[in-house]
Amino acid sequence: MLTFERIYRNLIEIAEHLQRVRKQERANVAKEIHDEIGQRLTVINMGLSGLKKYVPDKNFDMAAQISKLVKSVDERIYFVHRLISHTGFSFLQPAPDIPCCHFGKWVGTG
């Protein structure tokens, strides 16, 4: 027969286990959001930066629009990093501060 004290300890253990599971699930969701959205935004940004090279020099409006889009995507990437970092999970490594248009040079392909 279980004593009141033993039942109480079991309840404490269950509550602590549930708390650990919740924390791990939040970390998994935060990592998935970061990886999925962050990677897709980075690919979009790289594509826009690459596209900008093919815009004729005289087409200032299109070049300006692409620059605005690159800036907007950069802001979304920053937002995702900030949002995830506020969750308190440490799986994020600080990224080098390299503009997207220089990414190819950074990884040795440009």
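Refer to the preceding data block for the structure.
Residues numbered from 1 in each chain as written. Predicted model: local features only at pLDDT ≥ 70, side-chain atom pairs only at ≥ 80, totals over all residues. Heavy atoms only, no water.

1. Quick word on helix H2 (residues 60–85)
For clarity, the threshold we go by: For the purposes of this entry, the term helix denotes a DSSP run of H or I that reaches at least four residues, the term strand denotes a run of E that reaches at least two, and both are numbered from the N terminus. One less than the number of residues in a helix, times 1.5 Å, gives the span that helix is expected to have. Burial classes: relative accessible area under 20% of the type maximum marks a residue as buried, over 50% as exposed, and values in between as partly exposed (1.4 Å probe, protein chains only). The contact criterion used is simple: two residues touch if any of their non-hydrogen atoms lie within 4.5 Å.
Its 26 residues place the ends of H2 37 Å apart at the C-alpha level, agreeing with the 38 Å of an ideal helix rising 1.5 Å per residue. Listed as buried for H2 are Ile66, Val70, Val73, Ile77, Val80 and Ile84. Of the surrounding secondary structure, the elements contacted by the buried residues of H2 are helix H1 (4–52).

2. Observations regarding the environment of Val29
Among the structural elements, Val29 can be located in helix H1. Sequence spacing of Val29 and Ile84 is 55 residues, and the spatial spacing of their C-alpha atoms is 9.8 Å.

3. Quick word on the side chain of His34
Stated formally: Counting of polar contacts relies on pairs of N or O atoms within 3.5 Å, with two restrictions inside protein: one atom must be capable of donating a hydrogen and the other of accepting it, and residues adjacent in sequence are counted only when both atoms are side-chain atoms.
Along the chain, His34 falls in helix H1. At 3.1 Å, the side chain of His34 forms a polar contact with the side chain of Asp35.

4. Comments concerning the pattern of salt bridges
Opposite charge on two side chains allows them to pair when their charged atoms are near. So the rule is basically this: Should a side-chain nitrogen of Lys or Arg be within 4 Å of a carboxyl oxygen of Asp or Glu, the pair is scored as a salt bridge.
Counting across every chain of the model gives four salt bridges. Asp35 is the partner of Lys31 in a salt bridge, and the nearest nitrogen-oxygen pair spans 2.9 Å. In this pair, Lys31 and Asp35 both sit in helix H1, four residues apart, roughly one turn of the helix. You can call Asp35 partly exposed: its relative accessible area is 25%.

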